[in-house]
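Structural features, examined
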Amino acid sequence: MTDVYARLKALNIELPPVVVPDAKFQPYVIFDNTITLSGHLSKTGEQLNTGKFGADLTIVQGEKIARQLAVNLLGTLQGAVGDLNKIKKIINLNCMINGTPDFTDPHVVANACSQVFHDVFGEKGYHSRNALTVAQLPFGACMEISLIAGIE
């Protein structure tokens, strides 16, 4: 078992399969040594997580949802490259948090997603990040995160 897969096992993370959207875009694009993952909406299994932070959802709920969203992103990475050990660097996360106009803690919610990438990839999991409160997301989702990574 390799380091990344040993960490996944130790963290009790089971990766979901890639979900191909019924839309005019791909779940990921590989170009040269970079992979970009399209924004993933917050889902637990097949259930979309909806609502607004600052009204319907707490930061604690958001942290749990952000961790699950990180696992979903990892599943797409696995499906795209076939072996997570091919990931050389998590470069950037773009975290959009559906919140009320006065919700000022999107970075706190996004930290839970960032932590998963550090836990799984170690130093290669450190990344730059945007964490924004937005007025609305597709289907009323409470969170959407996209990712850029360097690959072998």
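In the nomenclature of an unreviewed UniProt entry, the protein chain is known as RidA family protein of Salmonella enterica subsp. enterica serovar Chester.

Focus on the packing of aromatic side chains
The full count for this structure, using the stated rule, is 2 aromatic pairs. Taking the centre distance of 5.6 Å and the plane angle of 35° together, the rings of Phe 53 and Phe 103 count as tilted. In this pair, Phe 53 sits in the loop between β4 (47-48) and α2 (59-81) while Phe 103 sits in the loop between β5 (87-98) and α3 (106-121), placing the two residues 50 residues apart along the sequence.

Points about the nonpolar core
In terms of nonpolar packing, the biggest core is built from 38 residues, with Leu 77, Ile 87, Phe 117, Phe 121, Met 143 and Leu 147 touching the most fellow members. Where this core is concerned, the elements lending two or more residues are α1 (3-10), β2 (34-41), α2, β5, α3 and β7 (143-151). With 10 residues, α2 is the largest single contributor of residues to this core. When near neighbours in sequence (up to four residues on either side) are disregarded, Leu 147 contacts Ile 35, Thr 36, Leu 37, Leu 73, Leu 77, Ile 90, Asn 92, Leu 93 and Phe 117. In this structure, Leu 41, Met 96, Val 134 and Ala 141 belong to the second largest nonpolar core, which totals 6 residues.

Re the environment of Arg 67
Take Arg 67: it is sitting in helix α2. Its relative accessible area of 41% is what places Arg 67 among the partly exposed residues. Residues Arg 67 and Val 116 lie 49 residues apart in sequence; the distance between their C-alpha atoms is 6.5 Å. Residues in contact with Arg 67, not counting those within four places in the same chain, are Ala 112 and Val 116.

What counts, and at which threshold
- Residues numbered from 1 in each chain as written.
- Predicted model: local features only at pLDDT ≥ 70, side-chain atom pairs only at ≥ 80, totals over all residues.
- Heavy atoms only, no water.
- Phe/Tyr/Trp six-rings, centres within 6.5 Å; stacked < 30°, edge-to-face > 60°.
- Helix = DSSP H or I, 4+ residues; strand = E, 2+ residues; numbered from the N terminus.
- Core = buried A, V, L, I, M, F, W, Y, C linked by side-chain atoms within 4.5 Å.
- Buried < 20%, exposed > 50% of the residue type's maximum accessible area, 1.4 Å probe, protein only.
- Contact = heavy atoms within 4.5 Å.

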